[in-house]
Each structure stands twice: as C-alpha cells, then as structure tokens.
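Report on the structure
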Amino acid sequence: MEITVGVAYRIPSLAAASVAALLLAAPAPALAGTVAENQRSTQRTAFTAAESVQAEVGRIRQARFFADSVEEYRAALAPAARAAKEPWLVLSGGGENGAYAAGLLNGWSEAGTRPRFGVVTGISTGALIAPLAFAGAEADAALKEAYTTISAADVFEFGGTGQSLTDTWPLTKLIARFVTPELLARVAEEHRQGRRLFVVTTNIDVQRPVAWNMGAIAAEGSESSLKLFRDILLASAAIPGIFPPVEIGVEANGKAFTEMHADGGITTPFFVAPEPVIAGLQSARNALTTQPIYVVVNAQLQPEFQVTERSTLSILGRSLGVAVKAASRAALSAHAGFAQRSGARMQFTHIDERFTQSTKAPFDQDYMQALFAFGERVGRDGSAFRARPFEDPQVRTAQRR
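Throughout what follows, the structure given in this document is the object of discussion. The model shown is predicted, which means the values in this text are computed figures rather than measured ones.

1. Things to note about the overall build of the protein
- If you tally the helices and strands in the protein, you get 16 helices and eleven strands.
- Scored against the burial criterion, the 401 residues of the protein give a buried share of 54%.
- For the protein, the accessible surface area stands at approximately 17500 Å², while carbon and sulfur atoms represent 53% of it.

As structure tokens, this is what we get:
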C-alpha cells in the first residue's frame, strides 16, 4: 500500500488547461532547413548509463544530486548548518498559478511573521520563485513584478524547433532580467551561512529527478555559473512537448556530452525529500528540519463545475485538469501521512475555494493579479497554512479566533 501511495503522485504537475490550449491551438511547427539538416540536429553525443551517473557539471563540487536517492539527499544536507534548525519553504509547479505563492510571500512579509528559511525548494514555476524567496523580503517587489505584469508573450512564442510546439526565448530573457549577478551573490552568501536552495529538474535521459544545489552553483561566481543557474530554472519549467528541453553540458572520464533536462513536475509536484522517505521505506536520519515545513501548492484542488463542450480542446483540458488535481491531492495525502508518522511539522496551503476567479487563457494578467492579491491577503492575515492539507479554511479561521 505504501509503495502505491509513493508512486501515485508521479503524474506531471502542470497547468492542465494551459497545456491543452497550447497543444491544440498551436500551428504545426515549421522546421527550417533540409531533411538532412533536421536529422543532424536531432543527433547527440552518445553516452552510457554509467557515464550519466558519473557526470560532473564543470568543476562545481556538490552541484546536484539525484532527488530520488536518500543517500545523496543526506549528503547534500549534511554540511548545511541551518537546514535542520530553521523552517523550510517548498514551492510547487503550476504555471501562472505561481502568482499565489508570490502574493503569499509578499503578504507574509507585510505581516512581519515570515521566517528566514533554512531550505527552499522549487519545481517549475516554483523554481522561478525559489531564488527570490531564498533572498528574503528584499526580493518581494521583484516577485510581484514577475507575477503581475507579464503575459503569455513574455513566456513563449509559437514556432516549433523540432523539440516542442513553442520557443521559450521570451522566458529565457525574463529569467535573465530577474536572475542577476547581484541575486546570485545573495544566494551564494545565504549558502555560505549554511542554508540551501534546491531546484528540481527531470533528467529525461535517465528518467530521474535531479535536485540542483543552486547556492553551490552561485558560489562559484563565474559567468558560466550564472548561465548554468539560469539554464536550470528554464529547464525546471520546460513542459515536455510544449516548451523545449534544456541541454546541460557535463563531463565524465574526460568525455564531454549533454544531458537533456525538462520540467521537474514530471517526477513530483513538489520536493521535500526523496520518495522512499515520504513512502516510509527509508529514513532521512535527521536530515529534515525540526522546524515547520511550509508546502505551497500553486493549484486549485477542489472540483470546478463546468458543462464540457463537445470539442477536443474542452474535453482534453477538463480531463487533464482532473488528472493534475488528483496527482496533487495524492502528493499532499502522502506527505500528510509522512508528517503524521515521522512527527515532521508540515504546514500546507493551496489555492482554496475562497478564490473564485477563473481564466481560459494561459498567463492571463488580470487573473494573475487577482490571484496575487488573494495570496497576499491570506499571507497577511495568517489564514493560508494548515496542518491537514484539505481542512476547510473557514474552520481553520474559526479555530484561530
């Protein structure tokens, strides 16, 4: 039974309606060049499974670990003096719904109760938020700008590359705008103080999640580490087939090749610990904090009634919506069960029924602004988090009074 629970949430945690809209509204990709040129563009340097395990990124020590390995997880946290002594922040994927976490963090700062986090983890849109959250309240204005002023044109452009339906050059520019050398310096300083920032991607060559130690990368302090930092964020948000994957250069035994990385949500909607730990199959051996772990799920989990149109787009969008919500609920249930068994002090929040605005378009600015405002309100008034992930927020508020 535990094994079933452990793997049940490994459905991609994607913004279902947005994915369906992109998939079916997109024109067919136009591939430039001759057939021979296009065939050559798909070829990559061959490497073995053993080489993929041995591969290193530049000369950055402890740059990453496989996020499904308990041994590597413990080793990554062992030198982090603050990790077990301070609260953690865990940020899920969710596309434009990341506006919820951005607003929540702003409201939390305004309330004066936002803690300093010993560990911050992020996946997909949560990965884009994570470095700014790690930097502290001084980055709140940047978070607000990033999630209330952009549109779909700032994220993608239709025009296939042979690897996806869209090109994410706009998102590449957006990441560069917010991930500056100054931000990297701040992340590196927090890392040196014993805190950790982990961003999860999926290595689709080996079909395993990879947690990147972003502070170690930032601490390297070069132009190449800045590029790698940005590339990892882009990869973590690369929805397969919709956005192009990101190839990251590595080396094993003197052999250079590239790994293909995509959305971290392929393997888990959010990351607290490796799956065997959450399933109760292995122990983290005191790697987890004794302080609260705040899990922010940038998604609506409650059923939403709507008469489904007799169209492929409507049917696929609604069906994907059901799958994503089911996966997120399964993940939350698994983590709540882990917290009960282990005594971990986990607190959960998601976009609950108090938020009623909807949208049919990806990265709708009006929707994102409204969601940011909602997150800001519940962050400020302290009604966002609860120990039981599906608890009625009205009951929680009454209990607090």
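Now that the structure is up, let's keep going.
2. Remarks on the pattern of salt bridges
- All chains considered together, the criterion is met by 19 salt bridges.
- When the shortest N-O distance is used, the salt bridge between Asp205 and Arg44 registers 2.8 Å. Taken together, the positions of Asp205 in the loop between β6 (196-203) and β7 (208-213) and Arg44 in the loop between α3 (35-41) and α4 (49-54) put the pair 161 residues apart, joining distant regions of the chain.
- Of the residues examined, Asp205 reaches a relative accessible area of 30% and is grouped as partly exposed.
- For the salt bridge of Glu189 with Arg192, the shortest nitrogen-to-oxygen distance reads 3.5 Å. Of this pair, Glu189 and Arg192 both sit in helix α10 (residues 181-192), separated by three residues, roughly a single helical turn.
- Glu189 gets classed as partly exposed once you look at its relative accessible area, which sits at 33%.
- Because the salt bridges share partners, they merge into one network encompassing Arg82, Glu86, Arg116, Glu138, Arg186, Glu190 and Arg195.

3. A short note on the packing of aromatic side chains
- Tallied over the entire structure, the rule returns 13 aromatic pairs.
- Over the face of the ring belonging to Phe66 we find Arg208, whose NZ or CZ atom lies 3.8 Å from the ring centre.

4. Some thoughts on helix α5 (residues 70-77)
- Among the residues of α5, Val70, Tyr73, Ala76 and Leu77 are the ones counted as buried. One side of α5 carries all its buried residues, which in axial view fall inside an arc of 125°.
- Tucked inside the fold, the buried residues of α5 contact β1 (64-66), β2 (88-91), β3 (119-123), β6 and α13 (275-278).

Scoring rules and cut-offs
Residues numbered from 1 in each chain as written. Predicted model: local features only at pLDDT ≥ 70, side-chain atom pairs only at ≥ 80, totals over all residues. Heavy atoms only, no water. Helix = DSSP H or I, 4+ residues; strand = E, 2+ residues; numbered from the N terminus. Buried < 20%, exposed > 50% of the residue type's maximum accessible area, 1.4 Å probe, protein only. Areas by Shrake-Rupley, 256 points an atom, 1.4 Å probe, with all protein chains shown as cover. Salt bridge = Lys/Arg side-chain N within 4 Å of Asp/Glu carboxyl O. Phe/Tyr/Trp six-rings, centres within 6.5 Å; stacked < 30°, edge-to-face > 60°. Lys NZ or Arg CZ within 6 Å of the ring centre and 35° of its normal. Arc of directions from axis to C-beta. Contact = heavy atoms within 4.5 Å.

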